[in-house]
Structure formats: structure tokens, C-alpha cells
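Observations on the three-dimensional arrangement
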Amino acid sequence: MKTLIHKVTGGLTKLSHYLVSLGPFGLLAIAFLDSVLVPMPGGVDAVLLLLAASRPSWMLIYVASATIGSTIGCVVLYHISLRAGRRALARFSESKQKRVKDLIDRYDVLSVLVASILPPPFPFKLFVVSAGVFRLNLLRFTIAIAVGRTFRYLLEGYLAARYGEHAKELLGRYYPAIGIGLALLIIIVFVGKNLMKRGGAPGPLSDVES
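Residues numbered from 1 in each chain as written. Predicted model: local features only at pLDDT ≥ 70, side-chain atom pairs only at ≥ 80, totals over all residues. Heavy atoms only, no water.

A word on the overall build of the protein
The helix and strand tally for the protein stands at 9 helices and 0 strands. Along the chain direction, N to C, the helices and strands of the protein fall in the order α-α-α-α-α-α-α-α-α. When each of the 210 residues of the protein is scored for burial, the buried share is 44%. Summarising the internal contacts of the protein: among those between residues at least 6 apart in sequence, 77% fall at separations of at least 24. (Helix = DSSP H or I, 4+ residues; strand = E, 2+ residues; numbered from the N terminus. Buried < 20%, exposed > 50% of the residue type's maximum accessible area, 1.4 Å probe, protein only. Contact = heavy atoms within 4.5 Å.)

Okay, here's the thing in C-alpha cells:
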């Protein structure tokens, strides 16, 4: 078993290195594979930082590639989960399933938008799978993913283009706070609208942990 895992990991690493050499097309492929639960070594964020730092003038192209690849991958995972039903949730604990379902029932695709912005270890994939299982509106789901990912990758791309190899350090230091701050702002706006319409306030998204 260990030998098989080692071979698979080695194969994915080689594939990742090859895709990185393809620039924006490779980044699109990495973002797609990562979004359909193929664990690409380094991940989308690291590859985007690397490419944008090495060629700042192409930053927006890299951001678009990562966003498109991630969005398409999430839509594919949505359809897979839609067909699989609750079996798609089997890899997640029941407590996490319940918390995410409660949030989706209350916030609809807003929960997916917030999840797409927040940094790891927030369980973004669980929200995508749950969106398919519980049949969220596909168009609004897709828009939420695209908007959230655009914000995240734009921030990463900008920092990489401006600060080069130091961008990763800056993101590690500040992005969790930025992501959480934006998520809270979105929630506050949503809560404010609900208070004006119904006079009630839903609970926060922050109770979901990795």
C-alpha cells in the first residue's frame, strides 16, 4: 500500500511540474484537478504565486486561469455530488456535514461564497459537495464560486507580482485575517438585510472548522 501511495504521489508531482511549465494553461488544469479532489502537490495558490512572481505582467492572465479552472472543477464536483447523493458526503464526519447543511439551509449560496474566500483549513470542498447533494441553484452556485475565487486569486496574484518571493510570507501573515474580515463583512451585510426584512438574525459561519 505504501509503495502504491508513493507511486501515485510521485506521479502527481511529475504531472504538477509538467503543468507548471505550460504557464496559464497548466495553471488552469491544476486548478481544475484540485477542485475535483485530485490532490495536486503545492496546490493552486502556490503555483499562482510562483507564476505571477516570475512574470508579473501576466498576473491577470494567471488569475483568470486559476479562477476559470477552479470554477469549472467545482461545477464538475457539484454534478458528481448531485448524482452520488449523500454517498458523496461519506468522507466527511457527520458533525461537519450537519454544520455545513445548517449553514447552507440558512445562507444558501452565500455560505459557498464565503467558503471560497476563506483560507485553509476551512473545509471549502465540503461546501461544494454539499451544494451538489442538497441541490443548490447551479447558476448562483457558479457565480458565488467565481466571485470568491476571483477575489482570492487577485489578492494572491497582486502580492506575487508586487513582492515576488516575499508574497508567500505576506499571505501567510495577513491573508487569514483579510479573508475572515471579508467573510464577516459579507455576513454582516446579509444579516443587516435579513433584520430589515424579517427582524431576525441568522448565526455566523465561523462555527465550521477543518
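Brief notes about the packing of helix 5 (residues 94-107) against helix 6 (residues 109-117)
Interaxial distance between helix 5 and helix 6 falls to 6 Å at its minimum, and their mutual angle equals 120 degrees. Comparing the axis directions of helix 5 and helix 6 gives the class oblique. On helix 6, the residues that touch Leu-103, Ile-104 and Tyr-107 of helix 5 are Val-109, Leu-110 and Ser-111. For the contact of helix 5 with helix 6, the class distribution of residues is 5 nonpolar, 1 polar and no charged. (Axes fitted to C-alpha atoms, helices over the stretch in contact; angles between N-to-C directions. Parallel < 35°, antiparallel > 145°, perpendicular 65-115°, else oblique. Nonpolar A, V, L, I, M, F, W, Y, C, P; charged D, E, K, R; others polar.)

Quick look at the nonpolar core
Counting 58 residues, the largest nonpolar core has Leu-27 and Phe-141 as its most contacted members. The element that contributes the greatest number of residues to this core is helix 4 (residues 59-84), accounting for 8 residues. Filtering out sequence-adjacent residues up to four positions away, Leu-27 remains in contact with Leu-19, Val-44, Val-47, Leu-48, Leu-51, Tyr-62, Ser-65 and Ala-66. (Core = buried A, V, L, I, M, F, W, Y, C linked by side-chain atoms within 4.5 Å.)

A few points about helix 7 (residues 124-133)
It helps to recall that an α-helix has 3.6 residues per turn; residues three or four apart then point in one direction. Here helix 7 lies mainly inside the structure; 10 of its 10 residues are buried. Every buried residue belonging to helix 7 is among Phe-124, Lys-125, Leu-126, Phe-127, Val-128, Val-129, Ser-130, Ala-131, Gly-132 and Val-133, and all of these are buried. Backbone geometry just after helix 7 places Arg-135 at a positive phi near 60 degrees.

Quick look at the packing of helix 6 against helix 8 (residues 138-163)
Running from N to C, helix 6 and helix 8 point in directions that differ by 25 degrees, and their axes come no closer than 8 Å. In terms of orientation, helix 6 lies roughly parallel with respect to helix 8. Crossing geometry of helix 6 relative to helix 8 is assigned as right-handed. The residues of helix 8 that touch helix 6, namely those facing Val-109, Val-112, Leu-113, Ser-116 and Ile-117, are Arg-140, Phe-141, Ala-144, Ile-145, Val-147, Gly-148, Arg-149, Phe-151 and Arg-152. Here the residues of the contact of helix 6 with helix 8 sort into 9 nonpolar, 2 polar and 3 charged. (Left-handed = near helix turned anticlockwise from the far one by under 90°.)

Here we look at the packing of aromatic side chains
Taken as a whole, this structure holds 3 aromatic pairs when the rule is applied. Relative to Tyr-62, the ring of Trp-58 lies with its centre 6.2 Å away and its plane at 45 degrees, an arrangement referred to as tilted. When its relative accessible area of 28% is taken as the criterion, Trp-58 is described as partly exposed. Their ring planes at 35 degrees and their centres at 5.0 Å tell us that Tyr-78 and Phe-141 sit as a pair that is tilted. Placement of the pair is Tyr-78 in helix 4 and Phe-141 in helix 8, with a sequence separation of 63 residues. Taking relative accessible area as the criterion, Phe-141 reaches 0% and is therefore assigned buried. Above the face of the Trp-58 ring, Arg-55 is positioned so that its terminal group lies 3.8 Å from the ring centre. When the ring centre of Phe-134 is taken as origin, the NZ or CZ atom of Lys-101, which lies over that ring, is 5.1 Å away. (Phe/Tyr/Trp six-rings, centres within 6.5 Å; stacked < 30°, edge-to-face > 60°. Lys NZ or Arg CZ within 6 Å of the ring centre and 35° of its normal.)

Topic: the environment of Tyr-153
Its place among the elements puts Tyr-153 in helix 8. Expressed as a C-alpha distance, the spacing of Tyr-153 and Ala-66, which sit 87 residues apart in the sequence, is 7.2 Å. If we skip the residues at most four places from it in the chain, Tyr-153 touches Val-44, Asp-45, Leu-48, Val-63, Ala-66, Thr-67 and Ser-70.

A short note on the environment of Ile-187
Inspection of the secondary structure assignment puts Ile-187 in helix 9 (residues 167-198). A residue is classified by how much of its surface remains accessible, and Ile-187, at 10% relative accessible area, is buried.

Concerning the side chain of Arg-152
Along the chain, Arg-152 turns up in helix 8. On the accessibility criterion, Arg-152 (6% relative accessible area) is buried. In contact with Arg-152, other than residues within four places in its own chain, are Asp-45, Ser-116, Ile-117, Leu-118, Pro-119, Pro-120 and Tyr-175.

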